[in-house]
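Listed below are the residues making up each chain.
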Amino acid sequence: MAKIKKVLIANRGEIALRIIRACKELEIGSVAIFSEVDVEGIWVRKADECYPIMGDVIKAYLEYDNIISIAKKANCDAIHPGYGFLSENADFAKACEDNGIIFIGPKPEHIELFGDKMASKVAMKKVGVPVLEGTDEPIVSINEGEKIAREIGFPVIIKAAFGGGGRGMRIVKAEKDFREMFESATNESMKYFGRDEVFIEKYVENPRHIEIQIIADKYGNVLHLGERDCSIQRRHQKVIEIAPSPRLNNETRKELYRIATKAMFKLGYESVGTVEFLVDANDNIYFIEMNTRVQVEHPVTETITGVDIIQRMIEIAEGDKLQFLQEEIQFRGYAIEFRINAENPQKNFMPGTGTVSKYLTPGGPGVRIDTSIYTGYKVPANYDSMIGKLIVWALTWEGAVKKAKRALDEFYIEGFPTNIPLHREIVRDEDFINGTFNTSYLDKKMEIFTLNSEDNIKKEEDKIANIMKLMDAIKKNKLTVKH
């Protein structure tokens, strides 16, 4: 297969910038697209070429016929979808192929399979992957759902059959709550995914959420790049991701690697992907879902392995074999990623928007920032609230936590509320420091974290106000600064 010469990035924000950087290092041309509210996006400036996509600012990134037309106009021979938007749209991947454009990602049939949560569960079960007890077919009838839930036994979890990211998901702990939760889940599923089918599974209380990063070429070589612990979540949305998991039993770790790589080999998977599992208190393993795209949290894996996941995606799409064997992948140290969101934890995490008036980032060894914001950038209200990611690395878990404390204390964004104060509270919590957390961790501690962060925000504001008063006094020659 011929080498890729120019890539259109069918996305925005920090992931678009991340892909552009990977392309530049591979000496591949890059083309950015942008909606009318993204004109000032830094990825637009950094790409070799850029094209506007008009109309509704969200739908513009989803209208793939128009995006493919731009790619052809710009003489692109490939498209990278990033994450979100069209990244898991099998029709888009197929349309790229039909137009002679390389889709940098898995085959359309795999995107379609794993986009259907029920079909993927059945397929994984057939290749020997343990799954949760539950339905094998989508459910639309509330009466049928209630009967099945009763047979499985409460608590159960209702999930959107054709979605993800925590949308269309409800936990039902008692039969009396089932109908209300079922209607809530199906309504949300219809809103976000255009379909209201759901499925029901036994709910595992207080598990760890562990995912395995897979990388596979077109020649049957399937490797893993280790695991990530994504247990620290809020409303089923990941907040902090860690590689490797600080408290995972080594035998369980090896079994997760074996199950994930074997399944992807048997299914003939290509490109990168992530197989997600729940691990209960007894180290039982249950498949949740497979994400057929690059993950938001991919930097922690890159940090501990030295493997550039985006570049390897591009090379696999070109038809290259993997450059390394499993035994050649070396895992070194611990990495933690903090999702930095424009939201207010003191107001039920209400998304925020505004102009970045001050922007001070941490630095030093083992600190990485993936973001597309800058001083003067106006954060639009139209998209997901995540505005960046802080990644820290150290040789030991203790060292990584200490580095995280230092880096978060250095991180300052002014112009709107962020969740940085919440992260500062988490990294000082004993359970986090000891690595003893699961998916219920944040829900249980949120109230105290919020109260503490309120106090610390007030102290920081007072400190800044006092500094400004002092500076004003100096400027007015009312004070003399002694050296």
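Please refer to the structure placed before this passage.
Anyway, here's the lowdown on the structure attached to this text. (Residues numbered from 1 in each chain as written. Predicted model: local features only at pLDDT ≥ 70, side-chain atom pairs only at ≥ 80, totals over all residues. Heavy atoms only, no water.)

## Focus on helix α10 (residues 298-305)
So, step 1. Taking burial as the measure, the eight residues of α10 include seven buried ones, the bulk of the element.
So, step 2. When we look at burial in α10, the residues that qualify are His298, Pro299, Val300, Thr301, Glu302, Ile304 and Thr305.
So, step 3. One or two steps after α10, the chain reaches Gly306, where phi turns positive at roughly 80°. (Buried < 20%, exposed > 50% of the residue type's maximum accessible area, 1.4 Å probe, protein only. Helix = DSSP H or I, 4+ residues; strand = E, 2+ residues; numbered from the N terminus.)

## Some words on the packing of aromatic side chains
So, step 1. For the structure on display, the rule yields 15 aromatic pairs.
So, step 2. Both rings, one in Phe277 and one in Phe287, keep their centres 6.4 Å apart while their planes meet at 75°; by these two values the pair is edge-to-face. You can see Phe277 sitting in strand β12 (residues 271-279) and its partner Phe287 sitting in strand β13 (residues 285-291), a full ten residues away along the chain.
So, step 3. Relative accessible area serves as the criterion here: at 1%, Phe287 is assigned to the buried category.
So, step 4. Pairing Tyr334 with Trp397 gives two aromatic rings, centres 6.0 Å apart and planes at 65°, and the pair type is edge-to-face. (Phe/Tyr/Trp six-rings, centres within 6.5 Å; stacked < 30°, edge-to-face > 60°.)

## Notes on helix α3 (residues 64-73)
Turn by turn, an α-helix covers 3.6 residues, leaving residues three or four places apart pointing in a common direction.
So, step 1. Among the residues of α3, Ile67, Ile68, Ile70 and Ala71 are the ones counted as buried. Projected down its long axis, α3 carries its buried residues within an arc of 155°, all on one side. Residues of α3 that are exposed and point more than 90 degrees away from the buried face comprise Asp65 and Lys73.
So, step 2. Considering only its buried residues, α3 is in contact with β1 (6-9), β2 (29-34), β3 (49-52), β4 (78-80) and α4 (90-98).
So, step 3. Looking one or two places after α3, you find Asn75, whose phi comes out positive at around 60°. (Arc of directions from axis to C-beta. Contact = heavy atoms within 4.5 Å.)

## A closer look at the environment of Asp384
So, step 1. In this fold, Asp384 is placed in the loop between β20 (378-379) and β21 (386-394).
So, step 2. The sequence separation of Asp384 and Pro351 amounts to 33 residues, and the corresponding C-alpha distance is 8.5 Å.
So, step 3. Here the side chain of Asp384 touches Met386 through a polar contact of 2.8 Å, landing on its backbone nitrogen. (Polar contact = N/O pair within 3.5 Å; in protein donor to acceptor, adjacent residues only side chain to side chain.)

## A few points about the sheet that holds strand β7 (residues 170-172)
So, step 1. In spatial order, the strands read β7-β6-β8; together these three strands make up an open sheet with antiparallel pairing. Looking along the sheet, the strands with just one partner apiece sit at the ends: β7 and β8 (198-202). When strand polarity is set aside, the average angle formed by the axes of neighbouring strands in this sheet is 25°.
So, step 2. Of the pairings in the sheet, the one linking strand β6 (residues 156-160) to β8 comprises five bridges and is antiparallel in character. Across the sheet, the residue bridging to Lys159 is Phe199, located in β8.
So, step 3. Packing of helix α8 (residues 178-193) onto the sheet brings it into contact with β6, β7 and β8, and relative to β7 it is tilted by some 170°. (Pairing = 2+ DSSP bridges. Axes fitted to C-alpha atoms, helices over the stretch in contact; angles between N-to-C directions.)

## Quick word on the environment of Phe103
So, step 1. Positionally, Phe103 belongs in strand β5 (residues 102-103).
So, step 2. Sequence-wise, Phe103 and His80 are 23 residues apart; in three dimensions their C-alpha atoms are separated by 6.4 Å.
So, step 3. In this view, Phe103 contacts Ile79, Pro81, Ser87, Phe92, Ala93, Cys96, Ile111 and Ala317; residues no more than four positions away in its chain are not counted.

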